[in-house]
Amino acid sequence: MSVKLIDGKQIAADVRQEVAERAKALAERTGRRPGLATVLVGEDPASQTYVRMKHKACEEAGIESFSIVMETTATQAEIEKEVDKLAADPRVHGILVQLPLPDHIDTEAVLARVPLEKDVDGFHPMNVGLLARRGCEPHFVPCTPWGCIVLLERSGVPISGKRAVVLGRSNIVGLPMALLLQERNATVTVVHSRTQNPEEIIREADILVAAIGKPEMVKKDMLKPGVAIIDVGINKVDDSSRPRGYRLVGDVDFEQAKEVAGWLTPVPGGVGPMTIAILLENTVKAAEKALQPALKTLLG
Ligand code: NDP
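Fair warning: this is a prediction, and the values are worked out from it, not measured in the lab.

Student: How would you explain the overall build of the protein if you had to name every residue and give the values?
Tutor: Broken down by element type, the protein carries 11 helices and 11 strands. For 300 residues, the compact-globule formula gives about 19 Å, and the C-alpha radius of gyration of the protein, at 20 Å, lands near that figure. Once the C-alpha set of the protein is aligned to its principal axes, its extents read approximately 55 × 50 × 40 Å. Counting the 300 residues in the protein, one finds 48% classified as buried. When the accessible surface of the protein is totalled, it reaches about 14,900 Å², and 51% of it is carbon and sulfur. Here the protein contributes 37 positive and 40 negative side-chain charges, whose respective centroids are spaced 3 Å apart.

Student: Mind laying out the pattern of salt bridges, listing which residues take part and the relevant values?
Tutor: One pass over the full model with this rule turns up 18 salt bridges. Between Glu-28 and Lys-24 there is a salt bridge whose closest N-O contact spans 3.6 Å. Here the residue Glu-28 and the residue Lys-24 both occupy positions in helix 1 (residues 8–30), the gap between them amounting to four residues, near one helical turn. You'll find Glu-28 and Lys-24 in the same group, each marked exposed. A salt bridge links Lys-85 to Glu-82; its shortest N-O distance comes to 3.4 Å.

Student: Let's hear about the nonpolar core: which residues, and what values?
Tutor: The biggest cluster of nonpolar side chains holds 49 residues, and the ones touching the most others in it are Leu-152, Leu-181, Ile-207, Ile-230, Val-232, Met-274 and Leu-280. For this core, the secondary structure elements donating two or more residues are helix 1, helix 2 (45–61), helix 6 (143–154), strand 5 (163–167), helix 7 (174–183), strand 7 (207–210), strand 8 (228–231) and helix 10 (272–290). In terms of residues, this core owes the most to one element, helix 10, which gives eight residues. Excluding residues that lie within four positions of it along the chain, Leu-152 makes contacts with Val-157, Ile-159, Leu-181, Ile-207, Ala-228 and Ile-230. Within the second largest apolar cluster, 19 residues are counted, among which are Ile-79, Val-83, Leu-86 and Leu-111.

Student: Can you lay out the packing of aromatic side chains for me, pointing to particular residues and giving the numbers?
Tutor: Taken as a whole and judged by the stated rule, the model has zero aromatic pairs. One Lys or Arg, Lys-236, reaches over the ring of Tyr-246 and ends 4.6 Å from the middle of that ring. The ring of Phe-140 has Lys-289 sitting right over it, with the charged end atom 5.9 Å from the ring centre.

Student: Describe the sheet that holds strand 3 (residues 64–70), with residues and values.
Tutor: Sheet architecture is open: three strands sit in the order 3-2-4, paired in parallel fashion. With partners counted over all chains shown, the strands left at the sheet margins are strand 3 and strand 4 (94–97), one partner each. Sheet twist, expressed as the average angle between the axes of neighbouring strands with direction ignored, equals 15°. Both strand 2 (residues 35–41) and strand 4 contribute to a ladder of four bridges, which runs parallel. By the bridge assignment for strand 4, Val-39 is matched with Val-97. Against the sheet, helix 2 touches strand 2, strand 3 and strand 4, its axis set at about 170° to strand 2.

Student: Before we move on, could you go through the site of the ligand and cite the residues and values that matter?
Tutor: Taken together, 19 residues lie near the ligand, and Arg-169, Ser-170, Ser-193, Ile-234 and Thr-275 sit nearest. One nitrogen or oxygen atom from the side chain of Ser-170 is found 2.5 Å from an oxygen atom belonging to the ligand. For the ligand, whose unbound accessible area comes to 930 Å², protein coverage reaches 68%. For the shell around the ligand, the class distribution of residues is seven nonpolar, 10 polar and two charged.

Student: Explain unusual backbone geometry residue by residue, including any values.
Tutor: Looking along the chain, the bond that leaves Leu-99 and enters Pro-100 is cis, with omega of 0°. Mapped onto the fold, Pro-100 is located in the loop between strand 4 and helix 4 (107–111). Following Val-267, the chain continues to Pro-268 via a peptide bond in cis, the omega torsion being 0°. Along the polypeptide, Pro-268 turns up in the loop between strand 11 (263–264) and helix 10. Backbone geometry places Glu-216, a non-glycine residue, at a positive phi of 50°. Take Glu-216: it is sitting in the loop between strand 7 and strand 8.

Student: Go over helix 1 with me, naming the residues and quoting the values.
Tutor: If you check helix 1, its first and last C-alpha atoms are 32 Å apart, about what 23 residues at 1.5 Å a residue would give, namely 33 Å. If you check which residues of helix 1 are buried, you get Gly-8, Ile-11, Ala-12, Val-15, Val-19, Ala-23, Leu-26 and Thr-30. Measuring from the side-chain oxygen of the N-cap residue of helix 1 to the backbone nitrogen of Lys-9 gives 3.2 Å; that N-cap residue is Asp-7. One or two positions beyond helix 1, positive phi appears at Gly-31, with a value near 75°.

So, how was this worked out
- Residues numbered from 1 in each chain as written.
- Predicted model: local features only at pLDDT ≥ 70, side-chain atom pairs only at ≥ 80, totals over all residues.
- Heavy atoms only, no water.
- Helix = DSSP H or I, 4+ residues; strand = E, 2+ residues; numbered from the N terminus.
- Rg over C-alpha atoms; globule rule 2.2 N^0.38 Å.
- Buried < 20%, exposed > 50% of the residue type's maximum accessible area, 1.4 Å probe, protein only.
- Areas by Shrake-Rupley, 256 points an atom, 1.4 Å probe, with all protein chains shown as cover.
- Lys, Arg positive; Asp, Glu negative; His and termini not counted.
- Charge placed at Lys NZ, Arg CZ, Asp CG, Glu CD.
- Salt bridge = Lys/Arg side-chain N within 4 Å of Asp/Glu carboxyl O.
- Core = buried A, V, L, I, M, F, W, Y, C linked by side-chain atoms within 4.5 Å.
- Contact = heavy atoms within 4.5 Å.
- Phe/Tyr/Trp six-rings, centres within 6.5 Å; stacked < 30°, edge-to-face > 60°.
- Lys NZ or Arg CZ within 6 Å of the ring centre and 35° of its normal.
- Pairing = 2+ DSSP bridges.
- Axes fitted to C-alpha atoms, helices over the stretch in contact; angles between N-to-C directions.
- Near = heavy atom within 4 Å.
- Polar contact = N/O pair within 3.5 Å; in protein donor to acceptor, adjacent residues only side chain to side chain.
- Nonpolar A, V, L, I, M, F, W, Y, C, P; charged D, E, K, R; others polar.
- Expected span 1.5 Å × (residues − 1).

Honestly, that's just the spatial picture; any functional story needs more than this.
In structure tokens form, the structure reads like this:
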């Protein structure tokens, strides 16, 4: 069986194109553009880069963006006040608090101040609860795991009735991923750092989502032939042949997995591009919902 490589760059470009068309249509009908606000606290270079990329992506999609930048020393009350202001601002349809926040800040308390209907990152505890509860629909789902679902679905990978294994149980990726697969009728096992004999569990997977941050930990002999692999991991490994002195690899040994997998995402160029694409999609969805009354009036 030859592997089908899942082209995350192309699928993300398709999603971004769809988002741009929805944003344009909304602006034509209501005279309002969707708006995304980011809150960045501190000077972490990686966070600064992510925020810059998000603003650039907004611009390309016809989404207005607002930037709040605060000193590392900002207090809990100051950050919450900024979030409250954005919550009340009708130009802002989505609020993204860039994580991690500094150690002295209670992150959960900040995230809980984002109104549910502006929680385009899907990190509000209520949205997480709605995702976990059968028969309920969250306003938004976290971008990376939702991006993984889009990759699977647009690649024609069957989910219902399949054995899915999720490596990792973080709030951002592993946990919501497991819930989303279960909601789509997969039988899901979550593997974490205390799991005994993880290889045995991984070998049963028809769908494997790896999100642990361990370079190339998953090897060929752990895989069931034909497995669909979504590799979320982004790890730097030393490589003196590269100008930067390192290269990026996933949690799965790509070259080995290629020999046995049915579907496989590369790193980079797999899940990575999807996260921002879904953030834009969530923002346009938030704007469509917020402007619905205006649309109804306009359309009669
Ligand atoms: P976290 O560090 O928050 O969580 C890692 C999870 O992996 C934990 O649940 C941990 O278990 C588990 N784990 C760690 N080591 C092992 C092991 N040896 N065997 C089994 N499980 C293990 O990471 P994130 O979820 O935030 O990110 C995971 C990876 O995904 C990282 O490489 C990150 O860079 C990448 N990522 C990529 C994104 C993208 O856009 N492509 C977005 C977000 C993340 P325990 O709970 O027991 O500690």
